[in-house]
Amino acid sequence: MLSYTDLLKGVLFVMDSEPYEVLESQFLRMQQRKPVMQAKIKNLITGKIIPRSFHQNESFREAEIEKRPMKFIFSHRDDFTFADPADSSKRIALKSEQIGDAAKFLKSNLEVNFKKFGEKIIGVGIPIKVDYAVKIAPPSDKGNTAQGGSKEIELENGLKIQAPLFIGEGDIVRLNTQTGTYVERTEKTK
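In this text the structure is predicted, and so the values were computed from the model without any measurement.

Engineer: Which residues make up the overall build of the protein, and what are the values?
Structural biologist: Helix and strand content of the protein: 1 helix and 16 strands. Taking 2.2 N^0.38 as the reference for a compact globule, 190 residues should give roughly 16 Å; the C-alpha atoms of the protein span a radius of gyration of 22 Å, well beyond that estimate. Considering only C-alpha atoms, the protein reaches an extent of 70 × 50 × 25 Å along its principal axes. Looking at the 190 residues of the protein, the share that counts as buried comes to 34%. Within the protein, residue pairs in contact and separated by at least 24 positions form 40% of the contacts whose partners lie at least 6 positions apart. Where the 30 positive side-chain charges of the protein centre and where its 26 negative ones centre are 3 Å apart.

Here it is, written out as structure tokens:
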């Protein structure tokens, strides 16, 4: 069991039979009052962030979030299909609401982690950096580099991002999936 003083940043706990993650916490002790832990917590099922004060008489069970590796296969309309990496015949289809913002970074054969609370899938974890092939990149204008210069490119999964002018069609670029920004070019076309 976790006491109110254990609810520090990054701790996963169960409250009202739902998993929560502590995003921020601060211990407060005011004169003539009992100490409290003020925290910002995130519901891992709904994604809602709420502020809450915890008192010394409260205790919580630690949340056990299971991570299961899966491979993204394809998407059709609002359904995203994943397969077990060891046995591709074991497939699971999820709706876009279950995947959230991670859906725009998915590409064929990308290894992801299903986050499970009990038997319920509560989210999909994708790698922080993923490599993509550039599908469309307009030619760059010579002399347009006074401010560093960037242009909009389209990746193999249809995602459009800003990238430096030297990126061309067929190049392999690395993208940060947490910020959605270009990181580096990993492979250049011949």
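There is more to say, and it comes next.
Engineer: Describe unusual backbone geometry, with residues and values.
Structural biologist: Positive phi is not limited to glycine here, since Asp16 has a value of about 55°. Along the chain, Asp16 falls in the loop between strand E2 (12-15) and strand E3 (18-28). A positive phi angle is found at Ser17, which is not glycine, with a value near 60°. Mapped onto the elements, Ser17 comes out in the loop between E2 and E3.

Engineer: Please provide a residue-by-residue account of the side chain of Asp171, values included.
Structural biologist: Here Asp171 is to be found in the loop between strand E14 (160-164) and strand E15 (172-176). In this structure Asp171 comes out as buried when scored by relative accessible area, which is 2%. There is a polar contact of 2.9 Å between the side chain of Asp171 and the backbone nitrogen of Gly168. If near-sequence neighbours (up to four positions away) are discounted, Asp171 is found in contact with Tyr132, Ala133, Val134, Phe166, Arg185, Glu187, Lys188 and Thr189.

Engineer: An account of the sheet that holds strand E4 (residues 36-43) is requested, with residue identities and associated values reported.
Structural biologist: If you walk across this open sheet you meet the 6 strands as E1-E6-E2-E3-E4-E5, and the pairing is antiparallel. Looking along the sheet, the strands with just one partner apiece sit at the ends: strand E1 (2-3) and strand E5 (49-55). Relative to E5, E4 runs antiparallel, the two sharing 7 bridges. Within the sheet, the bridge partner assigned to Lys40 lies in E5 and is Pro51.

Cut-offs and rules
Residues numbered from 1 in each chain as written. Predicted model: local features only at pLDDT ≥ 70, side-chain atom pairs only at ≥ 80, totals over all residues. Heavy atoms only, no water. Helix = DSSP H or I, 4+ residues; strand = E, 2+ residues; numbered from the N terminus. Rg over C-alpha atoms; globule rule 2.2 N^0.38 Å. Buried < 20%, exposed > 50% of the residue type's maximum accessible area, 1.4 Å probe, protein only. Contact = heavy atoms within 4.5 Å. Lys, Arg positive; Asp, Glu negative; His and termini not counted. Charge placed at Lys NZ, Arg CZ, Asp CG, Glu CD. Polar contact = N/O pair within 3.5 Å; in protein donor to acceptor, adjacent residues only side chain to side chain. Pairing = 2+ DSSP bridges.

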